[in-house]
Amino acid sequence: MTQTQRLSKVQRAAASLVLLFLLAFPLFASDYQSGLLAKFLVFGIFALSLDLIWGYSGIVNFGHAIFFGTGAYSMGIILKFVALPGATYLAVIGGVLVPALLALGLGYLLFYGRVSGVFFGVVTLALTGAAHSIIIVNGGITGGLNGLYSYQTPTLGIPGLWEVSWYDPMVSYYAAVLSSVVCLALARWLVRSNFGRAIGAIRENEVRAAFMGYNVPFLKLVIFTIACGMAGLSGVLYVPIGFISPDLIGVMMSASVLVWVAVGGRGTLIGAFVGALVVNYLQTMLSDSFATLWLLIVGLFFILVVLFWPGGVVGLVQTRWARRGFAALRLEKE
Amino acid sequence: MDSLVIQLLNGLSIATILILVSLGLAVIFGMLGVINLAHGEFFMLGAYCVATASSLGVSPWWGIAAAPLVVGLVGIAAQQTIIRPLYRRPLDTLLATWGLSIVIRQIMRLIYGSGQMMSGSIITGSTDIFGISYPTYRLFIIVVTCAVLAGTFLLYFRSDFGLRIRMVIADRTTAASLGVNTAQTDLWAFAIAAAMVGFAGAIMSPLIVVNPEMGLEYLSRAFLVVIVGGIGHLYGAIAGGVAIGGAEATLSFFLRPVVAQILVVLFAIVLIRIRPQGITGGRR
């Protein structure tokens, strides 16, 4: 599943074109449209972080929204209660570190408790409910069911000298684009490193990897912490685009991100963005009155993808390409 | 003293229902290695059977009688279409049944709307027991659950069918080569598990709010029960049910119910770190 070879010329050209398109998008699109695309990209980063642990490490996290939501809430809470010039940067760091530390603690208890496979999924599902309740119970800090609001406007730039509001559509859009590229590059580097190969070995056969001398719980803990920090970052990026509400930590959010990754193609990294884009775009197309029906379709589609099409959209394209390449090779031989 | 008795009865009634909900999960996992994330939705379907009967003006007892049949049939359909093709891919079964749970929730929402429904009360009034007055219906649930549990144990340990289930759990390949029809055993075990949780939903429905979301809460609690108790065995479900139910009842006495439930989840996770094999671990 892991692509170890370098990007082909075609792929490089395609990637450059996509990047150019993303950079130029606000020039010909309305603020609403670039806001929407920024949101999809942020969800793409969120899905990417899930793909790191699910597609590459075989850890299914049914509570991934916990880390997304914790990132968003940490950002909002720091912005609300810390009144310093550079508070935004502090909030961003907090928004990444708090979910990462949470993942570290949780991962320590679970991975070293030898909870793996389906049980990890199940425990994280139970935790989602608990996390949602924690947000609602501590209304004084989190705003409870109403969500968190009236925090200071996050600003980027140099505090005191040159500042821009993060709420500016251009700023939030380019922050999302830049972060997407950085996160994708980081994830790609990570899965192709020796560390990534060890993770792949654990995914394929945990017992055998342990016999080979790999410290399985430790490696899982590392990738889990990194991925959850990345999920936290996506939560941070979401704050200027959306509302901080308890729904961010809910079961539906965790389910959605699983669907995005499954549809886009797990274990492909780029599939996370494709899935987030495709599903969210279709969802935006259908009006809110179809919400129930839409979720029904999503659920059915999810079942079908799992049953018949485990590689998702990107997986399908890749196998087509691979097959064509293989056929071309045979032709050359003959 | 009185409050102690009430606490004990509360704990017992939470524990019995958790055991009833978790039993099916435990057997299915032990047998197929499959975790059914639509289990909570089966519970919800059972509750809706009673709510539907009430809204049609029929006696809720008919709803309770229909629930195991309806949910059992849904279970059979689910087993045949999405679970059987995925036996060798446990993680994917987890995902597929998760998709199924979304589908069932949304179908119920399309039919009944997302609002709450009420099941008519079945037995009202209270009974004097151990010197205190306790709602009769809760006592009825405890008694019925114990009867169902006894039935399950008889089925599991004393019948030919139970023997076949235990054979398949112990060693699927050997069981098959000894002439056990594993496919059929799987199907019936799944159907019974679904019927059981449907029944649990039905008898619980007069005490709780019936809405399309209700399954999720019971699902996560049932999983905690199975994991804490020890995986894949009937005893595990019982030990876990007593532990989680007891902890919930005790904590609810001192704290708000929400806080109590959060603490129970955290308690379960710490317990997993200390005893990964669960309370009954070692005798799987």
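Given the structure is predicted, the values throughout are model-derived calculations rather than measurements.

So, how was this worked out
Residues numbered from 1 in each chain as written. Chains lettered and ligands numbered in written order. Predicted model: local features only at pLDDT ≥ 70, side-chain atom pairs only at ≥ 80, totals over all residues. Heavy atoms only, no water. Helix = DSSP H or I, 4+ residues; strand = E, 2+ residues; numbered from the N terminus. Rg over C-alpha atoms; globule rule 2.2 N^0.38 Å. Buried < 20%, exposed > 50% of the residue type's maximum accessible area, 1.4 Å probe, protein only. Contact = heavy atoms within 4.5 Å. Areas by Shrake-Rupley, 256 points an atom, 1.4 Å probe, with all protein chains shown as cover. Lys, Arg positive; Asp, Glu negative; His and termini not counted. Charge placed at Lys NZ, Arg CZ, Asp CG, Glu CD. Buried area = accessible area lost by both parts, 1.4 Å probe. Salt bridge = Lys/Arg side-chain N within 4 Å of Asp/Glu carboxyl O. Polar contact = N/O pair within 3.5 Å; in protein donor to acceptor, adjacent residues only side chain to side chain. Phe/Tyr/Trp six-rings, centres within 6.5 Å; stacked < 30°, edge-to-face > 60°. Lys NZ or Arg CZ within 6 Å of the ring centre and 35° of its normal. Core = buried A, V, L, I, M, F, W, Y, C linked by side-chain atoms within 4.5 Å. Axes fitted to C-alpha atoms, helices over the stretch in contact; angles between N-to-C directions. Parallel < 35°, antiparallel > 145°, perpendicular 65-115°, else oblique. Left-handed = near helix turned anticlockwise from the far one by under 90°. Nonpolar A, V, L, I, M, F, W, Y, C, P; charged D, E, K, R; others polar. pLDDT = per-residue confidence, 0-100. Pairing = 2+ DSSP bridges. Patch = residues over 30% accessible without salt bridge, like charges linked within 9 Å, V, L, I, M, F, W, Y side chains within 5 Å.

(A) Local environment of the overall build of chain B. What chain B contains, in helices and strands, is 11 helices and two strands. Order of helices (α) and strands (β) in chain B, N terminus to C terminus: α-α-α-α-β-β-α-α-α-α-α-α-α. Taking 284 residues into account, the globule formula puts the C-alpha radius of gyration at 19 Å, and chain B, at 19 Å, falls close to it. If one aligns the C-alpha atoms of chain B with their principal axes, the spans along those axes are about 55 × 45 × 35 Å. By residue count, 55% of the 284 residues in chain B fall in the buried class. When contacts within chain B are restricted to residue pairs at least 6 apart in sequence, those whose partners lie at least 24 apart make up 75%. In the form shown here, chain B has an accessible surface area of approximately 11600 Å², with 67% of it arising from carbon and sulfur atoms. Charged side chains in chain B number 16 positive and 10 negative. The centres of these two groups are separated by 8 Å.

(B) Quick peek at the interface of chain A and chain B. Taken together, the contact between chain A and chain B spans 40 residues of the former and 41 residues of the latter. Between chain A and chain B lies a buried interface of about 3600 Å² when both sides are counted; carbon and sulfur atoms form 86% of it. Where chain A touches chain B, the interface holds one salt bridge. Here chain A is connected to chain B by two residue pairs in polar contact (both at pLDDT 80 or more). Mapped onto the side of chain A that touches chain B, the elements with two or more residues apiece are α4 (87-111), α5 (118-137), α11 (251-264) and α13 (291-308) of chain A. Broken down by element, the side of chain A that touches chain B gets its largest block of residues, 12 residues, from α5 of chain A.

(C) Just the pattern of salt bridges, in detail. Residue and element names in this part refer to chain B. Enumeration over the complete set of coordinates arrives at eight salt bridges over all chains. Among the salt bridges present, the one from E217 reaches R221, with a minimum N-O distance of 3.2 Å. Highlighted residues: E217 and R221, both in helix α9 (residues 214-229), separated by four residues, approximately one helical turn. Among the residues examined, E217 registers a relative accessible area of 37% and is labelled partly exposed. A single salt-bridge network, built from bridges that share partners, covers E217, R221 and E248.

(D) Representation of the packing of aromatic side chains within the structure. Within the structure shown, the criterion is met by 27 aromatic pairs over all chains. Centre to centre, the rings of F111 of chain A and F120 of chain A are 5.1 Å apart; their planes meet at 5°, and the pair counts as stacked. Taken as a pair, F111 of chain A and F120 of chain A share a single burial class, namely buried. Here the aromatic residues F21, F25, F28, Y173 and Y174 of chain A are joined through ring pairs into a cluster of three or more. For the cation-ring pair, R221 of chain B lies above Y218 of chain B, with the distance from its terminal atom to the ring centre recorded as 5.1 Å.

(E) Structural view of the nonpolar core. Counting 196 residues, the largest nonpolar core has F42 and W98 of chain B as its most contacted members. If one sorts the elements of this core by residue count, helix α2 (residues 31-54) of chain A sits on top with 15 residues. Discounting chain neighbours no more than four positions away, the residues touching F42 of chain B are N36, V71, V74, G75, A78, I104, F190, A194, V197 and G198 of chain B. Ranked by size, the runner-up nonpolar core spans five residues in total, among them V5, I132, Y134 and L139 of chain B.

(F) Summary view of the packing of helix α3 (residues 60-83) of chain B against helix α8 (residues 182-204) of chain B. Residues and elements named next belong to chain B. It is the contact of α3 with α8, at a shortest axis distance of 7 Å, that shows an interaxial angle of 140°. Taken together, the axes of α3 and α8 are oblique relative to one another. In terms of crossing hand, the pair formed by α3 and α8 is right-handed. Contacts between α3 and α8 involve I64, A67, P68, V71, G72, G75, I76, Q79, Q80 and I83 from the former and D186, L187, F190, A191, A194, A195, G198, F199, A202 and I203 from the latter. A class-by-class count of the residues in the contact of α3 with α8 yields 14 nonpolar, five polar and one charged.

(G) Examining the side chain of S133 of chain A more closely. Mapped onto the elements, S133 of chain A comes out in helix α5. In this structure the side chain of S133 of chain A is engaged in a polar contact, spanning 2.9 Å, whose partner is the backbone oxygen of G129 of chain A. If near-sequence neighbours (up to four positions away) are discounted, S133 of chain A is found in contact with V258 and I262 of chain B.

(H) View of the side chain of S193 of chain A. Residues and elements named next belong to chain A. As for its position among the elements, S193 is in the loop between α7 (169-192) and α8 (194-204). Taking the relative accessible area as the measure of exposure, S193 reaches 17% and is therefore buried. In terms of polar contacts, S193 uses its side chain to reach the backbone carbonyl oxygen of L190, at 2.6 Å.

(I) Representation of the confidence of the model for chain B. Per-residue pLDDT for chain B averages 84, and the proportion of residues at 70 or more is 98%. Here the predicted complex carries an ipTM of 0.83, next to a pTM of 0.85.

(J) Expanded view of the pairing of strand β2 (residues 162-165) of chain A. All names here are of chain A. Pairing geometry for strand β1 (residues 155-158) and β2, over four bridges, is antiparallel. Counterpart to G157 in the pairing with β2 is E163. Linking two consecutive strands that pair antiparallel, namely β1 and β2, is a turn of three residues; a positive phi of about 90° is found at G160 within it.

(K) Spatial organisation of a nonpolar patch on the surface. A cluster of nonpolar side chains, namely L286, F290, L293 and I297 of chain A together with I107, L110, I111 and Y112 of chain B, defines an oily patch on the protein surface of about 670 Å² accessible area. Those elements giving two or more residues to the nonpolar patch turn out to be α13 of chain A together with α4 (90-112) of chain B. Among the elements that take part in the nonpolar patch, α4 of chain B stands out by supplying four residues, more than any other. Along the chain, Y112 of chain B turns up in helix α4.

(L) Quick look at the confidence of the model for chain A. Here chain A shows a mean pLDDT of 85. Residues at 70 or above account for 93%. At the low end of the mean pLDDT range in chain A sits helix α14 (residues 312-333) of chain A, at 67; at the high end sits helix α10 (residues 216-238) of chain A, at 94.

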